[in-house]
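# Coordinate analysis (summary)
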Amino acid sequence: MENEVRKLPKKTIIIMIILGLLGIVWFVAVAYGQSVKATKILNTLGYKNVSDVKVYANHQFIREDINVKGFKYTISFTNLDTNEECKGFVLKDFKRNVEKDLICQKIDN
């Protein structure tokens, strides 16, 4: 007995390629949006000249002391004013309060 392999229809292949491209575009858009939000929080905290902002994770949390929800971003960035590489957390709640927990180290050139 000979097993015959059916080829996928061209329409199905085109749909799969389009869905793959849409997934890639969606991933890039979400990553860019998160880095823009984190950059705005850093500007609020006084870090005006930053680059290479990378958001590794964001989580929603509830501040127990004032019972307000917010977001916690795990980030890393380069502070161009002081030539430091920083990483850690920035927090922003829905009452526009911002906090930071960052560790910065000098960059050796």
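In this report, we go over the structure that sits alongside the text.

### Regarding the sheet that holds strand β2 (residues 68-79)
Reading across the sheet, the 4 strands line up as β1-β2-β3-β4 and stay open at both edges, with antiparallel pairing between neighbours. Only two strands of the sheet have a single neighbouring strand rather than two, namely β1 (50-63) and β4 (98-106). Going across the sheet, the axis of each strand differs from the next one's by a mean of 15°, ignoring polarity. Those strands touched by helix α1 (residues 10-45) are β1, β2, β3 (84-93) and β4, and its axis lies near 90° from that of β1.

### Things to note about the side chain of glutamate 84
You can see glutamate 84 is positioned in strand β3. In this structure glutamate 84 is buried but unpaired, with lysine 106 as the nearest side chain of opposite charge at 4.5 Å. A distance of 3.1 Å separates polar atoms of two side chains, one belonging to glutamate 84 and the other to threonine 82.

### Some details on unusual backbone geometry
We note that aspartate 52 has phi near 55°; this positive angle belongs to a residue other than glycine. You can see aspartate 52 is positioned in strand β1. With relative accessibility at 54%, the residue aspartate 52 sits in the exposed group.

Conventions adopted
- Residues numbered from 1 in each chain as written.
- Predicted model: local features only at pLDDT ≥ 70, side-chain atom pairs only at ≥ 80, totals over all residues.
- Heavy atoms only, no water.
- Pairing = 2+ DSSP bridges.
- Helix = DSSP H or I, 4+ residues; strand = E, 2+ residues; numbered from the N terminus.
- Axes fitted to C-alpha atoms, helices over the stretch in contact; angles between N-to-C directions.
- Contact = heavy atoms within 4.5 Å.
- Buried < 20%, exposed > 50% of the residue type's maximum accessible area, 1.4 Å probe, protein only.
- Lys, Arg positive; Asp, Glu negative; His and termini not counted.
- Salt bridge = Lys/Arg side-chain N within 4 Å of Asp/Glu carboxyl O.
- Polar contact = N/O pair within 3.5 Å; in protein donor to acceptor, adjacent residues only side chain to side chain.

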